[in-house]
Amino acid sequence: MVGLAGCSGNGGEEPTEEPTATEAPTTAPPSDDDTVPEQYATATSLGGQERDPDSLSAKSDVQYQEEPKEGQQCSGCTFYIEDKNGDGLGACAIVEGTIAPEAWCISYAPYQG
């Protein structure tokens, strides 16, 4: 066994346990991925419009915000696709990413169900 000078200790501190390559992390790292789950990819909105993943607007282009505006919110919009997996979020037939039911954007169109 060969030792390297200066690498045999940790400066007098208590030993720390390094995770091994075979240990799985206990929690998933935070993700900035806003990709919708597969069941939303071509789902149908409240108003009957099928979602086309190739023709969606960016959230920034439609001024998406996480809170309602003047009583309008995504859960009452014709383009909203309701939660399908129990995570509390839905999708939109015309806007990319996951959509909070209480959110709003300039594409809001009231659902007339």
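Residues numbered from 1 in each chain as written. Predicted model: local features only at pLDDT ≥ 70, side-chain atom pairs only at ≥ 80, totals over all residues. Heavy atoms only, no water.

## Here we look at the side chain of K59
Step number 1: Within the secondary structure, K59 sits in the segment before β1 (80-81).
Step number 2: With relative accessibility at 17%, the residue K59 sits in the buried group.
Step number 3: For K59, the side chain forms a polar contact with the side chain of D34, separated by 2.8 Å.
Step number 4: A distance of 2.7 Å separates a polar atom in the side chain of K59 from the backbone oxygen of T98.
Step number 5: Those residues within four positions of K59 in sequence are excluded, and the remaining contacts are D34, Y64, V95, E96, G97, T98 and I99. (Helix = DSSP H or I, 4+ residues; strand = E, 2+ residues; numbered from the N terminus. Buried < 20%, exposed > 50% of the residue type's maximum accessible area, 1.4 Å probe, protein only. Polar contact = N/O pair within 3.5 Å; in protein donor to acceptor, adjacent residues only side chain to side chain. Contact = heavy atoms within 4.5 Å.)

## A short note on the packing of aromatic side chains
Step number 1: Here the structure, examined in full by the defined rule, presents zero aromatic pairs.
Step number 2: Lying across the ring of Y64, K59 places its NZ or CZ 4.5 Å from the centre. (Phe/Tyr/Trp six-rings, centres within 6.5 Å; stacked < 30°, edge-to-face > 60°. Lys NZ or Arg CZ within 6 Å of the ring centre and 35° of its normal.)

## Focus on the nonpolar core
Step number 1: Within the largest apolar cluster, 14 residues are counted, with the highest numbers of intra-cluster contacts made by Y64, F79, C92, I94, V95 and I99.
Step number 2: For I99, the contacting residues outside a window of four places in its chain are K59, Y64, C74, Y80, L89, G90, A91 and C92.
Step number 3: With five residues, the next largest nonpolar core counts V36, Y40, A43 and A91 among its residues. (Core = buried A, V, L, I, M, F, W, Y, C linked by side-chain atoms within 4.5 Å.)

## Description of the pattern of salt bridges
Step number 1: Summed over the entire model, instances satisfying the criterion amount to one salt bridge.
Step number 2: The residue K59 makes a salt bridge to D34 at a minimum N-O spacing of 2.8 Å. On the criterion of sequence distance, the pair formed by K59 in the segment before β1 and D34 in the segment before β1 is long-range, its members being 25 residues apart. (Salt bridge = Lys/Arg side-chain N within 4 Å of Asp/Glu carboxyl O.)

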